[in-house]
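Residue strings, one per chain:
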Amino acid sequence: MVNLIWAFLAIIGILYAMFNGTMDEVNKAVFESANEAVTLSIGLISVLVFWLGIMKIAEEAGILKGLAKLFRPIVVRLFPEIPKDHPAIGYILSNVTANIFGLGNAATPMGIKAMEEMKKLSGSDEASRSMITFLAINTSSLTLIPTTVIAIRMQYDSISPTEIVGTTILATLISTTSAIMIDRLFYYRSTWRKK
């Protein structure tokens, strides 16, 4: 549906440019935007590769295991129906750690594996409580180092590309806390209705 909306908007814009006599400006904007998109993508790839390398070093040095141990008690409390030694807990911890470092693209495969493991655990096509909680936490995405945003700011010659770190930490702390509270509110509300 979104693809149809974007196609419709593009067609309307092109038709308007044709009737308004500004088709040359549209062509110029299309080619400039395409060039800028390629340049931006290459810049983002280099930063992503750098941070993935840092993550690999952190993994080899045992820092990720330390973070996983630090977050394990919290994750176990958030997902009480998943056994403590189940692979889903490991995937959830890996996903949360990658999100903390702002590596959303690296976190996605681990998030998918976590969902697959939780689906096996529930044995149903319906989303389980754990799946809903994980989706809420993953969507709110607690981030300490917003690498993608920093890379974009660097690409556009920001004077201080890292000045957003403090506000990002505050915003994601609030969003993650809110996501957990809303998730629990709806869960307990649905439990009370069943009684």
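Given the structure is predicted, the values throughout are model-derived calculations rather than measurements.

On to the overall build of the chain, then. Assigned secondary structure in the chain consists of 8 helices and 0 strands. Its helices and strands in sequence order give the chain the pattern α-α-α-α-α-α-α-α, from N to C terminus. Taking 195 residues into account, the globule formula puts the C-alpha radius of gyration at 16 Å, and the chain, at 22 Å, lies well above it. Taking the principal axes of the C-alpha coordinates as reference, the chain spans close to 65 × 45 × 30 Å. Restricting to contacts in the chain with at least 6 residues of sequence separation, those with at least 24 account for 63%. Split by element, the accessible area of the chain, about 13,100 Å² in all, is 68% carbon and sulfur. Distance between charge centres in the chain, computed from 17 positive and 15 negative side chains, equals 16 Å.

So, about a nonpolar patch on the surface. A surface patch of nonpolar side chains, amounting to about 940 Å² of accessible area, comprises Met 1, Val 2, Leu 4, Ile 5, Trp 6, Phe 8, Leu 9 and Ile 12. Examined against the element boundaries, Met 1 turns out to sit in the segment before helix H1 (2-20).

As for its placement among the helices and strands, His 86 is situated in the loop between helix H3 (63-78) and helix H4 (87-100). Judged by its relative accessible area of 17%, His 86 is buried. Each residue touching His 86, except ones within four places of it in the same chain, is listed here: Glu 117 and Leu 121.

Attention now moves to the pattern of salt bridges. Per the stated rule, a full pass over the model turns up 6 salt bridges. Arg 153 is paired through a salt bridge with Glu 163; the nearest N and O atoms lie 3.0 Å apart. Of this pair, Arg 153 sits in helix H7 (residues 147-155) while Glu 163 sits in the loop between H7 and helix H8 (165-194); the two residues are 10 residues apart in sequence, bridging distant segments of the chain. Judged by relative accessible area, which is 21%, Arg 153 ranks as partly exposed.

On to helix H6 (residues 129-140), then. End to end, H6 covers 17 Å across 12 residues, agreeing with the expected 16 Å (1.5 Å per residue, within 8%). Of the residues trailing H6, Ser 141 is marked for its positive phi of about 50 degrees.

Another aspect to go through is the environment of Val 149. Residue position: Val 149 is located in helix H7. In this structure, the C-alpha to C-alpha distance between Val 149 and Gly 102, residues 47 residues apart in sequence, is 8.8 Å.

With that settled, the discussion passes to the nonpolar core. Membership of the largest hydrophobic core comes to 21 residues, with the highest contact counts inside it found for Val 75, Phe 79, Ile 82, Ile 92, Leu 93, Met 118 and Phe 134. For this core, the elements supplying multiple residues, two or more each, are H3, H4, helix H5 (104-122) and H6. It is H4 that provides the largest number of residues to this core, a total of 6 residues. Among residues more than four places away in sequence, those in contact with Ile 82 are Ala 88, Ile 89, Ile 92, Met 118, Leu 121 and Ser 130.

This part covers the packing of aromatic side chains. Tallying each qualifying case throughout the model produces 1 aromatic pair. Cation over ring: Arg 129 sits above Tyr 187, and NZ or CZ is 3.8 Å from the ring centre.

This part covers the environment of Gly 166. For Gly 166, the location among the structural elements is in helix H8. Sequence spacing of Gly 166 and Ile 145 is 21 residues, and the spatial spacing of their C-alpha atoms is 9.2 Å.

So, on to the confidence of the model for the chain. Taken residue by residue, the chain gives an average pLDDT of 82. The fraction at 70 or more is 95%. By mean pLDDT, the top-scoring element of the chain is H6 (88), and the lowest-scoring one is helix H2 (residues 23-61) (76).

By secondary structure assignment, the location of Ile 5 is in helix H1. It is 38 Å that separates the C-alpha atoms of Ile 5 and Leu 121, two residues lying 116 residues apart in sequence.

About the criteria used
Residues numbered from 1 in each chain as written. Predicted model: local features only at pLDDT ≥ 70, side-chain atom pairs only at ≥ 80, totals over all residues. Heavy atoms only, no water. Helix = DSSP H or I, 4+ residues; strand = E, 2+ residues; numbered from the N terminus. Rg over C-alpha atoms; globule rule 2.2 N^0.38 Å. Contact = heavy atoms within 4.5 Å. Areas by Shrake-Rupley, 256 points an atom, 1.4 Å probe, with all protein chains shown as cover. Lys, Arg positive; Asp, Glu negative; His and termini not counted. Charge placed at Lys NZ, Arg CZ, Asp CG, Glu CD. Patch = residues over 30% accessible without salt bridge, like charges linked within 9 Å, V, L, I, M, F, W, Y side chains within 5 Å. Salt bridge = Lys/Arg side-chain N within 4 Å of Asp/Glu carboxyl O. Buried < 20%, exposed > 50% of the residue type's maximum accessible area, 1.4 Å probe, protein only. Expected span 1.5 Å × (residues − 1). Core = buried A, V, L, I, M, F, W, Y, C linked by side-chain atoms within 4.5 Å. Phe/Tyr/Trp six-rings, centres within 6.5 Å; stacked < 30°, edge-to-face > 60°. Lys NZ or Arg CZ within 6 Å of the ring centre and 35° of its normal. pLDDT = per-residue confidence, 0-100.

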